[in-house]
2 protein chains.
Amino acid sequence: MDRHLLQLYADFIVKVGVNVNPGQYFLINCPVECAEFGRACAKAGFEAGAKDVIVRFHDEKLARIRYENAAEETLAATMPYELRSWLDYAEAPGGACRLYIDADDPEAYAGLDGAKINRANTARAKALKPWTEYTMNDRLQWCVAAVPGRAWASRVFPELPTEQAVEKLWQLIFDACRVTGGDPVGEWKKHIAMLTQKKDQLNRWDLESVHFSSANGTDVTIGLADGAVWEGANSRSERGIDFIANLPTEEVFTAPHRTKVNGVVKGTRPYAYNGQLIKGFSVTFKDGKVVAHSAEENDALLAELLATDEGACHIGEVALVPKESPIRATGVLFYSTLFDENAACHIAFGAGYPTTVKGGQDLSREQLLTMGVNDSAIHEDVMIGAEDTTVTGLRKNGDTVKIFENGSWAF
Amino acid sequence: MDRHLLQLYADFIVKVGVNVNPGQYFLINCPVECAEFGRACAKAGFEAGAKDVIVRFHDEKLARIRYENAAEETLAATMPYELRSWLDYAEAPGGACRLYIDADDPEAYAGLDGAKINRANTARAKALKPWTEYTMNDRLQWCVAAVPGRAWASRVFPELPTEQAVEKLWQLIFDACRVTGGDPVGEWKKHIAMLTQKKDQLNRWDLESVHFSSANGTDVTIGLADGAVWEGANSRSERGIDFIANLPTEEVFTAPHRTKVNGVVKGTRPYAYNGQLIKGFSVTFKDGKVVAHSAEENDALLAELLATDEGACHIGEVALVPKESPIRATGVLFYSTLFDENAACHIAFGAGYPTTVKGGQDLSREQLLTMGVNDSAIHEDVMIGAEDTTVTGLRKNGDTVKIFENGSWAF
């Protein structure tokens, strides 16, 4: 790949995406096969004044060996030090910030017992919740950004030799992340301004609910949580530091009310969950709860996902993404939530973000629940936006407003 | 490299070297660039019945970035969770065992401030001592084994292209570890029997001291600690599980008395310390303490090493390795302590092994000190064996015995 763009990309992720501030601990999760990129991010972190950079390497092939060989109770367990291995930094005087480098193979765990993996990961997620709340609540700056793993690239471009697939995926990532033109900082300023304008208008409308429909059969009314706030692109940490939680990001999103969703949604893109793909799903909601579901591929895994815990069959996020999204424009199916969720409108099964209701960061999970913000050990985005999606908003004053027409912003 | 030998090697390391037992946590430290070998060891660990395998990846290039950029006080610090990240496993009901996969570049940190790195690492070593005592005391099974890192291989074979250098180093490692013949288990059984025979004879002699001399100027008398016991190859953990702490290993070793070393020793091989090479050193001892030292290269680093703490200028180990060692027979300088220390007699600056005095495992560091076993945050082996080394033993009954003549076992 283009070394200059690679450096620009790493710098942008670290200095604008995470926005590492002087004196902070910079925590990086990095796939083993992307070590070189992890080093570039570490360097950029020190340039930005990080007190220290802690890179934790992970490896899906090794994780697969563990899933295949270790007992479920072992996989589900958490050693006491594990939670502390994050909180020791998050609670330090200068605080911490976090980057997750995503190169996941969407089928890393194909053929394994998905239910077992789901149960184990859910148990671990619960034990580590005091840490994940730091990101879910935007208590600290965090960012998820992608690097083309070899298995992932080969899945996206199965017809190409691996090296070429990786090269091509690099190019697409640079495109989708507005790096190719050589001025990501400038381009993102414009992009953030556009998303901010959309979310400000949505907030001014003070919506009661949004209604999605498309020719594929989606027909659902999603009531919003009390005090729902539309968010987009830019986030701000507890310490008042701006960051971009997802690179790329094309969405404007808010909190649905967990008991006020009714109708049918059809999945429009395959969805990778725990290293396996769910394709062609259909879900029916009644009073916020999934009462029927099916999938053309991996329906059992979808059932597992929805049965994870009490909140997993309710939704915690609704997000608007127009069909002009540069990610959709690539015409490529990425098999990666980070990209595919930014190619189409989506909803998320599981926990909502406290930041998507007014003052939510200062509320307990119990208080958030009474406002309608869902809770769960999972947060899984699934794509429901189609070429022809129409979204209509119902304002609290009784007016209706056109939000999407034919898959694009209508205002 | 030969895939079949690679698998034999990984299996041998895990099932004989570490001797992973059913129900144990198997902790692996693995360089990022050797991830594939780490996976092979993880698989072998599960085959041996490990409850779980925890692989921690490290990367010297990243470590170099940290050494270059982080403040000394940050590098020297330890977060509370770090010690627990080991002890949580070591203290678990089934216990733990540990493999360190060594692919170190001997000059990974060339040109950096060696004194700063030494101080930082020493401070960390002190904080992590409750964990390292598990290996120093053989409380659990542990093993250090090597895999050819690219930078390391290129240093050993500077005239070869990297891939060829790696290939050649693999072959040497297989040779040195008695894997090439296809029957490491059988060959090691014979090898361990031979080393056991040597150490048993040395123990029967009940030695007061050993005297080393060679034409290069080495002329030193090393008094042994009270109750000194010669050890070799095979070790046994607190739980009674046999293991081989170093692969390869050619040495028979014991505890010198920290105040009873007098004379001069000359280094016979370069020594890599904290990623930098010390060459051509000379050290003079008086009553166990280094009173003069010099080195043709990196004398300042040697001075740093010796000034690490009070015990760093005393020795904690003396080891006998004949010139017939297969590692010496390769004629190659490995720039790796794991190999070079097994090519020549050596001594170690710093801490002694409690297991090298009678009942030492059950004694406190204070009790060990009174017996003459040295203590320090470091343990650094340096090679002093020459082609013509003579070693003479003085028995407690006043007899002298020939131990080495012309660099070889004399009995």
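The present account deals with the structure reproduced in this document. All figures in this text were calculated on a predicted structure; none of them were measured in a lab. (Residues numbered from 1 in each chain as written. Chains lettered and ligands numbered in written order. Predicted model: local features only at pLDDT ≥ 70, side-chain atom pairs only at ≥ 80, totals over all residues. Heavy atoms only, no water.)

Before going further, it helps to spend a moment on the interface of chain B and chain A. Taken together, the 29 residues of chain B in the interface contact 29 residues of chain A. Buried surface at the junction of chain B and chain A, summed over both partners, amounts to about 2,800 Å²; 67% is from carbon and sulfur atoms. On the surface where chain B and chain A come into contact, there are four salt bridges. Note that D52 of chain A is salt-bridged to R66 of chain B, the shortest N-O span being 2.8 Å. Scanning the region where chain B abuts chain A turns up ten residue pairs in polar contact (both at pLDDT 80 or more). For the side of chain B that touches chain A, the secondary-structure elements that each account for two or more residues are α2 (35-47), β2 (52-58), α3 (60-69), α4 (72-76) and α5 (80-90) of chain B. It is α5 of chain B that provides the largest number of residues to the side of chain B that touches chain A, a total of six residues. Here the residues of the side of chain B that touches chain A are counted per class, giving 15 nonpolar, three polar and eleven charged. (Contact = heavy atoms within 4.5 Å. Buried area = accessible area lost by both parts, 1.4 Å probe. Salt bridge = Lys/Arg side-chain N within 4 Å of Asp/Glu carboxyl O. Polar contact = N/O pair within 3.5 Å; in protein donor to acceptor, adjacent residues only side chain to side chain. Helix = DSSP H or I, 4+ residues; strand = E, 2+ residues; numbered from the N terminus. Nonpolar A, V, L, I, M, F, W, Y, C, P; charged D, E, K, R; others polar.)

A word on unusual backbone geometry. A negative phi angle characterises most non-glycine residues, just as the trans form characterises most peptide bonds. Following L247 of chain A, the chain continues into P248 of chain A via a peptide bond in cis, with omega recorded as 0°. Its location among the elements puts P248 of chain A in the loop between β9 (242-244) and β10 (252-254). Although it is not a glycine, N298 of chain B sits at a positive phi angle of roughly 65°. Residue placement: N298 of chain B occurs in the loop between β15 (289-297) and α11 (299-306).

In this section: helix α1 (residues 3-18) of chain A. Side chains three or four residues apart in an α-helix point the same way, a direct result of the helix having 3.6 residues per turn. Residues and elements named next belong to chain A. Relative to the 22 Å expected for 16 residues at 1.5 Å per residue, α1 spans 21 Å between its end C-alpha atoms, a close match to the ideal helical length. Residues of α1 that are buried include every one of L5, L6, L8, Y9, A10, F12, I13, V14, G17 and V18, and no others. Structurally, the start of α1 carries an N-cap: the backbone nitrogen of H4 is 2.8 Å from a side-chain oxygen of D2. Remark: N19 follows α1 within two positions and exhibits a positive phi of approximately 55°. (Expected span 1.5 Å × (residues − 1). Buried < 20%, exposed > 50% of the residue type's maximum accessible area, 1.4 Å probe, protein only.)

Turning next to the side chain of S214 of chain A. All names here are of chain A. Within the fold, S214 resides in the loop between β5 (207-213) and β6 (219-224). The class for S214 is buried, based on a relative accessible area of 12%. What S214 contacts, discounting residues up to four positions off in sequence, is A386, D388 and T389.

This next bit is on the sheet that holds strand β10 (residues 246-247) of chain B. Within a sheet, neighbouring strands are paired by backbone hydrogen bonds and run either parallel or antiparallel to one another. Residue and element names in this part refer to chain B. Ordered by their spatial adjacency, five strands build an open sheet running β2-β1-β3-β4-β10, and the pairing between neighbours is parallel. Whereas interior strands pair on both sides, the edge strands pair on one side only; in this sheet they are β2 and β10. The sheet contact formed by strand β1 (residues 25-31) and β2 spans seven bridges and is parallel. Among the inter-strand pairings, C30 is bridged to a residue of β2, identified as F57. (Pairing = 2+ DSSP bridges.)

For the rest of this paragraph, the subject is the side chain of H191 of chain A. Residue and element names in this part refer to chain A. By the secondary structure assignment, H191 is in helix α10 (residues 184-205). H191 gets classed as buried once you look at its relative accessible area, which sits at 4%. If near-sequence neighbours (up to four positions away) are discounted, H191 is found in contact with R178, T249 and E250.

In this structure the tally under the stated criterion is 54 salt bridges over all chains. For K279 of chain A, the salt bridge identified is with E297 of chain A, shortest N-O distance 3.9 Å. Here K279 of chain A is found in strand β13 (residues 276-286), whereas its partner E297 of chain A is found in strand β14 (residues 289-297), with 18 residues between them in sequence. For K279 of chain A, a relative accessible area of 27% corresponds to the partly exposed category. In this structure, D88 of chain B and R84 of chain B form a salt bridge, with 2.9 Å as the shortest nitrogen-oxygen distance. You can see D88 of chain B and its partner R84 of chain B sitting in helix α5, four residues apart, about one turn around the helix. Through salt bridges with shared partners, one network takes in K129, E133, R365 and D375 of chain A.

Residues and elements named next belong to chain B. Examined against the element boundaries, L363 turns out to sit in the loop between β17 (346-350) and α14 (365-370). Owing to a relative accessible area of 26%, L363 belongs among the partly exposed residues under this scheme. Discounting chain neighbours no more than four positions away, the residues touching L363 are L368 and M371.

On to the relation of the copies chain B and chain A, then. You can overlay chain B on chain A at an RMSD of 0.0 Å; the transform is a turn of 180° with a shift of 0.0 Å along its axis. Expressed as a symmetry operation, the mapping of one chain copy onto the other fits a two-fold axis. Scanning chain B for the C-alpha nearest the rotation axis identifies Y81 of chain B, at a separation of 2.7 Å. Here 100% of the interface residues in chain B have copies in chain A that are interface residues too; the copies meet face to matching face. (Least-squares fit on C-alpha atoms with pLDDT ≥ 70 in both.)

This next bit is on the pairing of strand β3 (residues 96-102) of chain A. Residues and elements named next belong to chain A. Taken across its seven residues, β3 has six buried, putting it largely inside the fold. By the bridge criterion, five bridges tie strand β1 (residues 25-31) to β3 in an arrangement that is parallel. Each bridged residue has a counterpart across the sheet, and for N29 the counterpart in β3 is Y100. Pairing of β3 with strand β4 (residues 142-146), which is carried by five bridges, proceeds in the parallel orientation.

This paragraph deals with the sheet that holds β17 of chain B. Residues and elements named next belong to chain B. Read across the open sheet, the five strands follow the order β7-β11-β16-β17-β18; overall the sheet is antiparallel. Of all the strands in the sheet, the pair left with one neighbour each is β7 (231-232) and β18 (379-383). Where β17 meets β18, five bridges bridge the pair, whose relative direction is antiparallel. Paired with H346 across the two strands is M383, which belongs to β18.

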